[in-house]
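# Geometric and topological summary
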Amino acid sequence: MIDHCPASPQELYLDGLALILGESGLEELSRQDLEKDLLPARVVTMDKIASRLAAFADPLAAQGLSLMAGREEFSTLLRLCGEETPLLDPSIRMLPPRRRIAKGLDAMLHWLKDSWGLAFSMIEKDQSVIVSLPDVPVAEESQNANATYFLQGLLQGMLTWISGGKFYPAHIEQTAGGHEIVISCSPID
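Scope of this entry: the structure provided in the associated data block.

Each value, and the rule that gives it
Residues numbered from 1 in each chain as written. Predicted model: local features only at pLDDT ≥ 70, side-chain atom pairs only at ≥ 80, totals over all residues. Heavy atoms only, no water. Buried < 20%, exposed > 50% of the residue type's maximum accessible area, 1.4 Å probe, protein only. Helix = DSSP H or I, 4+ residues; strand = E, 2+ residues; numbered from the N terminus. Pairing = 2+ DSSP bridges. Expected span 1.5 Å × (residues − 1). Bend = angle between axes of the 7 residues up to and from the residue. Contact = heavy atoms within 4.5 Å. Polar contact = N/O pair within 3.5 Å; in protein donor to acceptor, adjacent residues only side chain to side chain.

### Let's talk about the pairing of strand β4 (residues 178-184)
Burial runs high along β4: six of the seven residues are buried. As defined by bridge partners, strand β3 (residues 170-175) adjoins β4 across six bridges and the pair is classed as antiparallel. Note that in β4 the partner of Ala170 across the bridge is Ile183. Between the end of β3 and the start of β4, which pair antiparallel, lie two residues.

Okay, structure coming up:
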């Protein structure tokens, strides 16, 4: 488990997978590619993690693991980096639910862009919020989807936290320029 504000999404992704798979599962994941072990330096690209995960599990399981890792890692991110994000600002927490969700997503996306250089755009619609992200350069679509599912899980973790425990369904759509995470504005009660 990391004990500092992660310097990259890769570091957070690996930590999330360690939480879900355990250290022995992460060691098994690192054996999927004999070029370099993930564990000692934990310095690797998102596409390398995603490709190893694709070799480790079938596509749906890999997507599910990535999603769960993202949801779990939001609490780690908030604990270690909360003061750096505007998410703890009381003015956000006091807004009505719909505005709080939009402001929380906007704050989270700006923080991810400023901290890690991830390019996102957000569009609010009547029944959903669409977060667009460009493709992560990877060899196969399944690898790109795994990294996108991790980011979806991270955003869903934030939404559950900012809404006081409600779950907001989301799904991923492929577009010509990358992926879109479509998040429903209506929680499942």
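The rest of the description comes next.
### Observations regarding helix α1 (residues 9-30)
Its 22 residues place the ends of α1 only 17 Å apart at the C-alpha level, less than the 32 Å of an ideal helix rising 1.5 Å per residue. Remark: the principal bend of α1, roughly 110°, maps to Leu21.

### Some points on the environment of Gln127
Here Gln127 is to be found in the loop between β1 (121-124) and β2 (128-134). In contact with Gln127, other than residues within four places in its own chain, are Ile183, Ser184, Cys185 and Ser186.

### Describing helix α3 (residues 59-81)
Structural remark: α-helix, 3.6 residues per turn; residues separated by three or four positions point the same way. Taking 1.5 Å of rise per residue, the 23 residues of α3 would be expected to cover 33 Å, and the 31 Å separating its terminal C-alpha atoms lies within 8% of that figure. Along its length, α3 reaches its greatest deviation from straightness, about 30°, at Glu73. The distance from a side-chain oxygen at the start of α3 to the backbone nitrogen of Leu60 is 3.1 Å, and the residue carrying that oxygen is Asp58.

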